[in-house]
Amino acid sequence: GESVGLHLPTLSVQEGDNSIINCAYSNSASDYFIWYKQESGKGPQFIIDIRSNMDKRQGQRVTVLLNKTVKHLSLQIAATQPGDSAVYFCAENIYTGRRALTFGSGTRLQVQP
Amino acid sequence: SAVISQKPSRDICQRGTSLTIQCQVDSQVTMMFWYRQQPGQSLTLIATANQGSEATYESGFVIDKFPISRPNLTFSTLTVSNMSPEDSSIYLCSVEDLVLRADTQYFGPGTRLTVL
């Protein structure tokens with residue numbers, strides 16, 4: 001398939017380790033955040049979301065942390081597997097009379113067997 | 001979540017021609033969006049496709065270059081007009097179902113366009 005994110009920052013981890021992917025968002029008025037996973041040749045896949053009235057949310061093997069003070073978002077993946085290898089994007093949603101989803105630049109996660 | 005399909009999945013086009021990309025959803029959805037993802041880049045919103053009215057375009061995108069249709073609650077098209085090599089990108093549609101999960105967008109598989 002076609003590669004996505006050829007020039008993105010890369011995080012390389014060993015299989016079984018925990019991964020932490022970071023994202024700095026731009027607008028302090030953003031009230032909703034989403035993490036997406038994009039595998040080569042596919043569209044972005046929803047992983048987990050969090051609203052601004054929360055600072056932590058857990059899913060299956062994934063946790064999202066939100067620090068509004070420094071406008072920082074992180075995605076933690078427990079026991080990383082080869083199938084987790086992909087490009088990960090954070091997105092922020094600002095409602096300004098209409099909905100707008102702004103994507104971060106992305107991070108490539110490479111899982112070494 | 002809704003199942004989203006796009007046609008074509010990829011195409012190679014000549015400079016100066018136009019291509020219409022279709023996005024089909026298996027259920028009625030409130031909002032549909034079109035994004036562009038240039039090689040090695042993140043996603044950029046082109047426009048919001050509104051059912052029964054004109055699309056709402058983001059800064060830097062115009063209707064003459066990217067006309068959009070939204071004839072019903074399950075279908076939308078994006079046309080890339082008078083193409084140049086700079087239009088080579090992945091074009092993605094997404095949907096938001098306000099009843100199912102407000103604010104969350106789910107994406108189709110994308111259309112990979114190469115302009116020669």
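All values reported here derive from a predicted model rather than from experimental measurement.

Enquirer: Give me the overall build of chain B: which residues, what numbers.
Expert: Of the regular secondary structure elements, chain B holds zero helices and eleven strands. In terms of overall dimensions, chain B is globule-like: its C-alpha atoms have a radius of gyration of 13 Å, near the 13 Å expected for 116 residues. In terms of overall dimensions, chain B has C-alpha extents of about 40 × 25 × 20 Å along its principal axes. The buried share of chain B, taken over its 116 residues, is 55%. Across chain B, contacts joining residues at least 24 apart in sequence account for 55% of those joining residues at least 6 apart. When the accessible area of chain B is evaluated, it comes to approximately 5100 Å², of which 50% is carbon and sulfur surface. Treating the 8 positive side-chain charges of chain B as one cloud and the 10 negative ones as another, the clouds have centres 8 Å apart.

Enquirer: So what's going on with the sheet that holds strand E1 (residues 4–7) of chain B? Residues and values would help.
Expert: Residue and element names in this part refer to chain B. Overall, antiparallel pairing links the four strands, which are arranged E1-E3-E8-E7 in an open sheet. Where the open sheet ends on each side, the last strands, each with one partner, are E1 and strand E7 (68–72). Direction aside, the axes of adjacent strands within the sheet are offset by 15° on average.

Enquirer: Can you lay out the interface of chain B and chain A for me, pointing to particular residues and giving the numbers?
Expert: Taken together, the contacts link 24 residues of chain B with 25 residues of chain A. Of the roughly 2000 Å² buried where chain B meets chain A, counting both sides, 49% is carbon and sulfur surface. When the area that chain B buries against chain A is broken down by residue, the three leading residues are B:Gly40, B:Asp103 and B:Arg112, summing to 25%. Here chain B and chain A share one salt bridge between them. With a shortest N-O distance of 2.9 Å, B:Asp103 and A:Arg51 are connected by a salt bridge. Taken together, the links from chain B to chain A amount to seven residue pairs in polar contact (both at pLDDT 80 or more). At the level of elements, strand E4 (31–37), strand E9 (89–96) and strand E10 (106–107) of chain B are the ones that each hand at least two residues to the side of chain B that touches chain A. In terms of residue class, the side of chain B that touches chain A is made up of ten nonpolar, eight polar and six charged.

Enquirer: Could you give an account of the sheet that holds strand E5 (residues 56–58) of chain A, with specific residues and numbers?
Expert: All names here are of chain A. Spatially, four strands are ordered E2-E7-E6-E5 in an open sheet, and the strand pairing comes out antiparallel. Two strands in the sheet have a free side with no partner beyond their single neighbour: strand E2 (19–24) and E5. For this sheet the average axis-to-axis angle between neighbouring strands, irrespective of direction, equals 15°. In this sheet, strand E7 (residues 72–77) lies alongside strand E6 (residues 62–67) in antiparallel orientation, the contact comprising six bridges. The partner of Leu65 across the bridge, within E7, is Ser74.

Enquirer: Summarise the confidence of the model for chain A; cite the residues concerned and give the values.
Expert: Summary statistics for chain A give a mean pLDDT of 90 and a share of 90% for residues scoring 70 or more. Low pLDDT, under 50, characterises residues 1–5 of chain A; the stretch is placed with 14 contacts to residues that sit more than four places away or in other chains.

Enquirer: Go over the environment of A:Ser40, please, and point to the residues and values.
Expert: Residues and elements named next belong to chain A. Positionally, Ser40 belongs in the loop between strand E3 (32–38) and strand E4 (45–51). Overall, the relative accessible area of 44% leaves Ser40 in the partly exposed class. It is 21 Å that separates the C-alpha atoms of Ser40 and Gln76, two residues lying 36 residues apart in sequence.

Enquirer: So what about the pattern of salt bridges? Which residues, and what values?
Expert: All names here are of chain A. Per the counting criterion, the structure on display carries five salt bridges over all chains. Its salt-bridge partner being Lys42, residue Glu39 comes within 3.7 Å of it at the nearest N-O pair. Close ionic contact of Arg57 with Asp49 constitutes a salt bridge, the shortest N to O distance being 2.3 Å. Classification of Arg57 by relative accessible area gives partly exposed; the value is 30%.

Enquirer: Before we move on, could you go through the state of the cysteines and cite the residues and values that matter?
Expert: Counted under the stated rule, the structure contains two disulfides over all chains. Here A:Cys23 pairs with A:Cys90 through a disulfide, and the sulfurs are 1.6 Å apart. In this pair, A:Cys23 is assigned in strand E2 and A:Cys90 in strand E8 (residues 86–95), connecting sequence segments 67 residues apart. Summarising the burial analysis for this pair, A:Cys23 and A:Cys90 share the class buried. Sulfur-sulfur distance for the disulfide between B:Cys23 and B:Cys93 comes to 2.0 Å. Between B:Cys23 and B:Cys93, the S-S dihedral sits near 65°, and the bridge is therefore right-handed. Highlighted residues: B:Cys23 in strand E3 (residues 19–25) and B:Cys93 in strand E9, separated in sequence by 70 residues. For B:Cys93, a relative accessible area of 1% gives the class buried. Of all cysteine sulfurs in the structure, the one in B:Cys93 sits closest to B:Cys13, which takes part in no disulfide; the separation is 17 Å.

Criteria and cut-off values
- Residues numbered from 1 in each chain as written.
- Chains lettered and ligands numbered in written order.
- Predicted model: local features only at pLDDT ≥ 70, side-chain atom pairs only at ≥ 80, totals over all residues.
- Heavy atoms only, no water.
- Helix = DSSP H or I, 4+ residues; strand = E, 2+ residues; numbered from the N terminus.
- Rg over C-alpha atoms; globule rule 2.2 N^0.38 Å.
- Buried < 20%, exposed > 50% of the residue type's maximum accessible area, 1.4 Å probe, protein only.
- Contact = heavy atoms within 4.5 Å.
- Areas by Shrake-Rupley, 256 points an atom, 1.4 Å probe, with all protein chains shown as cover.
- Lys, Arg positive; Asp, Glu negative; His and termini not counted.
- Charge placed at Lys NZ, Arg CZ, Asp CG, Glu CD.
- Pairing = 2+ DSSP bridges.
- Axes fitted to C-alpha atoms, helices over the stretch in contact; angles between N-to-C directions.
- Buried area = accessible area lost by both parts, 1.4 Å probe.
- Salt bridge = Lys/Arg side-chain N within 4 Å of Asp/Glu carboxyl O.
- Polar contact = N/O pair within 3.5 Å; in protein donor to acceptor, adjacent residues only side chain to side chain.
- Nonpolar A, V, L, I, M, F, W, Y, C, P; charged D, E, K, R; others polar.
- pLDDT = per-residue confidence, 0-100.
- Disulfide = S-S within 2.5 Å.

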